[in-house]
Amino acid sequence: MTFQQFLLVLKARRWLIFAVLSSAVLLTLVISLILPKQYTATASLVVDMKATDPLLGAPQALQGYLATQIDIINSERVAQRVVALTGMDQIGDFRDQWREETKGEGGEVGFRVWLAGVLKKRLDVRPSTTRDSNVISISYQAPNPKFAAAIANAFAQAYIETNVELKVNPAKQYKDWFDKQTKEVRDDLETAQRKLSAYEQENGVLAGDGRFDVENTRLADLNSQLSLAQGQRAESSSRQSQVASAESLPEVMANPVIANLKTELTQLETNRSQLSERYGPNHPTIRELNEKIAEQRQRLTAETQRVANSLGTTSRISTVRIKELTEAVEKQKAIVLEFKKHRDQIAVFQRDIENAQKAYDLVTQRLAQTTLESQTQQTNVSVLTPATPPLTHSSPKPLLNTVIATFLGILLGVGVALLLELHDQRVRGIEDLVQNMDAPLLGVIPGLDKPRSRTSFRAFRRPAAA
């Protein structure tokens, strides 16, 4: 079918299309006037996106977070809370209607679930149309404007309370869990402390008393004394080997008694030499000097021998001292090793205590945080605009319904006209004649498809009379 044929069909069946259109518009108007008026009340909520999750501590994504909040508002939990807030379950009319529809199945719980479902049917929750806006609109439609406003506000209040519960309930569960963990880690800490205390009492040591450092310092001093004694003994042994030439020993040469004896001996020998030039060897003075010189030499020899013999005594004393120091060093080593073993074991206990203390501090900190979170009544949602009873009804809308009915009536009329044309095809123009007769077109009389006036008919007849 060409567009020209389509227009011819519409023209031929225009009264049918007009009848269908009129019927649709009239029916819509009648229904719009008969239907009871419905009022829509809207409450606006603002969600503070700057607030952070109390457990995760991270801000939520705007789009996903608002979508989640809308799902929460539309949830069965919020609807049942609205039933409890408004006391609808105490109204007998609703209970009678529920019994008629469900035969009383489900008992009291089933009644509240049914009421929640009835409320959700007329609920409309939408985010703001403004980009990146965090405002949510809660609309409720009812025949009574005050009832519609009350239910919209009840949904807003129920959502806020549910939002608080969704944050507080996990915190309460975390609190109970952290409370149990606190007892366990406290027991671990006390056990570690008891182990350290028992070990200290059993071995007579204290953590951090510094005895290991004292004993270690004492061992270092003994080692130093041992090294010094060994050096003295080596030196004494070396000097003792030089006893044959005792006069060359440093101790002998540095001895003041021997030095005085040598000085006196030299002076006597000088006096004898001077007197020998005047007197003979048998002179009493010379003999007296010789006796004194001999006596002085004996004293010098005896003193030198005494100093040389003292070197052997020093060597023996050094040997005894080295033996004593060696035994003391070995004993001190055993003490230091024992203290080192105690210190290492104490360090293990102390690390256990530190780890248990860290775990205890962490758990108690989280317990304090979750305790505060479980007691909070704050939420990041607040009522921006409460719902008020609307002054005008939201439905039905006669004008809008008439426009829609007009559009649908035209479509329906055209559809009916085309269906009738398919069942009862007629020749509406030249194209229909050619298609139906399946014969070539020889000619067309012009003007026959248009209504003629009397003037045009006369103009047509005059040439024929001539």
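Residues numbered from 1 in each chain as written. Predicted model: local features only at pLDDT ≥ 70, side-chain atom pairs only at ≥ 80, totals over all residues. Heavy atoms only, no water.

Participant: Teacher, can you tell me more about the packing of aromatic side chains here?
Facilitator: The way to describe two aromatic rings as a pair is by their centre distance and the angle between their planes. Following the criterion strictly, the structure yields four aromatic pairs and no others. Each ring, one from F111 and one from W114, has its centre 6.4 Å from the other, and the planes form 15 degrees; the classification is stacked. In this pair, F111 and W114 are both assigned in helix α6 (residues 107–121), three residues apart and thus about one turn of the helix distant. Judged by centre distance (6.3 Å) and plane angle (70 degrees), the ring pair of Y140 and F147 falls under edge-to-face. In textbook terms, an aromatic cluster arises when at least three aromatic residues are bridged by ring pairs, as seen for W98, F111 and W114. (Phe/Tyr/Trp six-rings, centres within 6.5 Å; stacked < 30°, edge-to-face > 60°. Helix = DSSP H or I, 4+ residues; strand = E, 2+ residues; numbered from the N terminus.)

Participant: Looking at this structure, how should I read the side chain of S44?
Facilitator: The residue S44 is located in strand β1 (residues 39–47) in this model. Classification of S44 as buried rests on a relative accessible area of 15%. In contact with S44, other than residues within four places in its own chain, are V135, I136, S137, S382, V383, L384 and T385. (Buried < 20%, exposed > 50% of the residue type's maximum accessible area, 1.4 Å probe, protein only. Contact = heavy atoms within 4.5 Å.)

Participant: Got a minute to help me understand the nonpolar core in this structure?
Facilitator: What tends to happen in soluble globular proteins is that the nonpolar side chains get buried as a cluster. Of all hydrophobic cores here, the largest spans 39 residues; its most connected members are V47, L119, I136, I138, Y140, F155 and Y159. Sorting the residues of this core by element identifies β1, α3 (62–73), α4 (76–86), α6, β2 (123–127), β3 (135–142) and α7 (145–203) as the ones contributing at least two each. Per element, the largest residue contribution to this core is ten residues, and it comes from α7. The contact partners of V47, leaving out residues within four places of it in the chain, are Y65, L66, N134, I136, N380 and V381. Counting ten residues, the second largest nonpolar core, distinct from the first, contains A192, L196, F339 and I346. (Core = buried A, V, L, I, M, F, W, Y, C linked by side-chain atoms within 4.5 Å.)

Participant: Help me understand the pattern of salt bridges, please; the structure alone is not making it clear to me.
Facilitator: Any two side chains of opposite charge can pair, so long as their charged atoms come close to each other. Evaluation of the coordinates by the stated rule reveals eight salt bridges. Between E76 and K120 there is a salt bridge, with its nearest N and O atoms 3.6 Å apart. Of the two residues, E76 sits in helix α4 while K120 sits in helix α6, which places them 44 residues apart along the sequence. With a relative accessible area of 27%, E76 lands in the partly exposed category. A residue is classified by how much of its surface remains accessible, and K120, at 31% relative accessible area, is partly exposed. Between D124 and R126 there is a salt bridge, with its nearest N and O atoms 3.0 Å apart. We classify D124 as partly exposed; its relative accessible area is 30%. The exposed category is assigned to R126, whose relative accessible area is 54%. (Salt bridge = Lys/Arg side-chain N within 4 Å of Asp/Glu carboxyl O.)

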